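Chain and residue survey
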Amino acid sequence: SGTVSAPLTGTQDLALGTGSATVTLDAGSGSVTAKVVPAAAGEVEKVELTVDNGVKVNIPLASLGAGQKVTLAAQSASEVTAASAPPTGSTSASEGLAIALVPAVEVDLSFQVPGMATRRQATLYRMHWLDKRANVWKAICTAHTVNTIDKSVSAPVSASVQNDPAFNPSSGCHAKVTKCDWSGGTLMVFAVTEEPVECQLSSGMSDGAIAGIAAGAGVMALALVAFAVYKLRSKAQAQSDTEAQHRHPSTLPPLPKKASDIPIDESHSPPPASADMVKILGANRNEPKGPPSVPAPPARVTSAC
């Protein structure tokens, strides 16, 4: 534990730590050294594999089981970028690494950056992996650690990146990609002038978090579209009702006014009742009515004979 092994070449079977973790290491034509790093404060026990070009691969021991296979190989930055041009506006800052883990587990990679200034500067360093089918570089959007003392850039590489079909294919690669034999995916560090587009929204978040934000944004966009359509339809309906009212005004007669609002013409008022009229009317109204009068019978005529 903590002891660096002698350089390992070819294929080696390593027993790591005190558990059952074993690694079949394939160093290809180069060499790799290995050591177990004890757990420190806030850290976990891990195995550190160092490739002969200075790239360090740190794998937590807890994530390794029996039969873990690790293939590592140094790659020349000049050879890699001659076939696969650096991202727009960037320059290569480190040597390359080919890596394959079966099964894939998250690893922490650390690249040496010889041209890094020893004081803080505006240059951004971002790790990228090569999409071998499209022959384009894609940024690693996890949190990066830039160490200006030992001039290194470190970042975790998730299992989802390693499992991408374009990371380490055995066929179907772009014509300019020479290594298409399942020997490992290619990673490098580039100096960039601004945050890569694919990382501007993620800010180091996990793929699941990015997917969640994207889904939430999609739902919000649909809600906004639905609200806008509703408002437009409501406005169009209101405008249509207004135009219809102007084209077909109401034919109903106006409502009658209140009695208190109708003016009284004093010139047509009836004359006031006189006292005699009141007396007659009162008498006729108050006197009891008798039986109807019967006319007198005609006078009888007699003869004096």
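The structure contained in this document is the topic of the report that follows. (Residues numbered from 1 in each chain as written. Predicted model: local features only at pLDDT ≥ 70, side-chain atom pairs only at ≥ 80, totals over all residues. Heavy atoms only, no water.)

1. Here we look at the overall build of the chain
Scanning the chain from N- to C-terminus turns up five helices and 13 strands. Across the 305 residues that make up the chain, the buried fraction comes to 29%. Across the chain, the fraction of contacts at a sequence separation of at least 24, relative to all contacts at a separation of at least 6, is 62%. When the accessible surface of the chain is split by element, carbon and sulfur atoms take 59% of a total near 20100 Å². (Helix = DSSP H or I, 4+ residues; strand = E, 2+ residues; numbered from the N terminus. Buried < 20%, exposed > 50% of the residue type's maximum accessible area, 1.4 Å probe, protein only. Contact = heavy atoms within 4.5 Å. Areas by Shrake-Rupley, 256 points an atom, 1.4 Å probe, with all protein chains shown as cover.)

2. Let's talk about the state of the cysteines
Counted according to the given criterion, the structure contains two disulfides. Between Cys-141 and Cys-199 runs a disulfide, and the two sulfur atoms are separated by 2.0 Å. Taking the sign of the S-S torsion, -80° for the link of Cys-141 and Cys-199, the bridge is left-handed. With Cys-141 in the loop between strand E10 (136–139) and strand E11 (145–147) and Cys-199 in helix H3 (residues 197–200), this pair connects stretches of sequence that are 58 residues apart. On the basis of relative accessible area, Cys-199 is assigned to the buried category, the value being 4%. The disulfide partner of Cys-173 is Cys-180, and the S-S distance across this bridge is 2.0 Å. Linking Cys-173 and Cys-180, the disulfide has an S-S dihedral of approximately 85° and is accordingly described as right-handed. On the basis of relative accessible area, Cys-180 is assigned to the buried category, the value being 18%. (Disulfide = S-S within 2.5 Å.)

3. Considerations on the environment of Gln-68
Residue placement: Gln-68 occurs in strand E5 (residues 68–75). Residue Gln-68 is classed as buried on the basis of its relative accessible area, which comes to 2%. Between the C-alpha atoms of Gln-68 and Val-105, which are 37 residues apart in sequence, the distance is 9.6 Å. Those residues in contact with Gln-68, other than ones at most four positions away along the chain, are Thr-22, Val-23, Thr-24, Ser-63, Leu-101, Val-102, Pro-103 and Val-105. Here Val-102 takes part through its backbone oxygen, which lies 3.4 Å from a polar atom of the side chain of Gln-68. (Polar contact = N/O pair within 3.5 Å; in protein donor to acceptor, adjacent residues only side chain to side chain.)

4. Digging into the pairing of strand E12 (residues 152–157)
With five of six residues buried, E12 lies mostly within the body of the structure. Summarising the sheet, E11 and E12 pair through three bridges and their orientation is antiparallel. Bridging across to E12, Asn-147 finds its partner in Ser-152. Once E11 ends, the chain turns through four residues before running back antiparallel as E12, passing Lys-151 with a positive phi of about 55°. (Pairing = 2+ DSSP bridges.)

5. Some words on the layout of surface pockets
Over the atoms, a rolling probe the size of a water molecule traces out where space has been left empty. Of the volumes computed, that of the largest pocket is approximately 450 Å³. Looking at the lining of the largest pocket, the elements that each hand over two or more residues are strand E2 (22–37), E5 and helix H1 (77–83). Residue composition of the lining of the largest pocket, by class: nine nonpolar, 10 polar and six charged. (1 Å grid on protein atoms, 1.4 Å probe; cavity = no way out; pocket = protein on both sides within 12 Å on 5 of 7 lines; lining within 4 Å. Points joined across faces, edges and corners; volume = space filled by probe spheres on them. Nonpolar A, V, L, I, M, F, W, Y, C, P; charged D, E, K, R; others polar.)

6. Some thoughts on the side chain of Thr-81
Relative to the helices and strands, Thr-81 resides in helix H1. A distance of 3.4 Å separates the side chain of Thr-81 from the backbone oxygen of Ser-78, its partner in a polar contact.

7. Some thoughts on unusual backbone geometry
Look at the link from Val-102 to Pro-103: it is a cis peptide, with omega at -5°. As for its position among the elements, Pro-103 is in the loop between strand E7 (96–102) and strand E8 (107–112). Here the phi dihedral of Asn-135 falls at roughly 55°; this positive angle occurs in a residue that is not glycine. Inspection of the secondary structure puts Asn-135 in the loop between strand E9 (124–131) and E10. On the basis of relative accessible area, Asn-135 is assigned to the buried category, the value being 13%. One non-glycine residue, Trp-182, adopts positive backbone phi at about 65°. When you line up the elements, Trp-182 lands in the loop between helix H2 (159–162) and strand E13 (185–192). Relative accessible area serves as the criterion here: at 56%, Trp-182 is assigned to the exposed category.

8. Some thoughts on the nonpolar core
By size, the foremost hydrophobic cluster in this structure holds 42 residues, and its most contacted members are Leu-49, Ile-59, Leu-72, Ile-99, Leu-109 and Leu-187. Per-element accounting of this core gives the leading share, six residues, to E2. Not counting residues within four places of it along the chain, the set of residues in contact with Leu-72 comprises Leu-25, Asp-26, Ala-27, Gly-28, Val-32, Leu-49, Val-51, Val-57, Leu-97, Ala-98 and Ile-99. Membership of the second largest hydrophobic core comes to seven residues, among which are Leu-130, Trp-137, Met-188 and Val-192. (Core = buried A, V, L, I, M, F, W, Y, C linked by side-chain atoms within 4.5 Å.)

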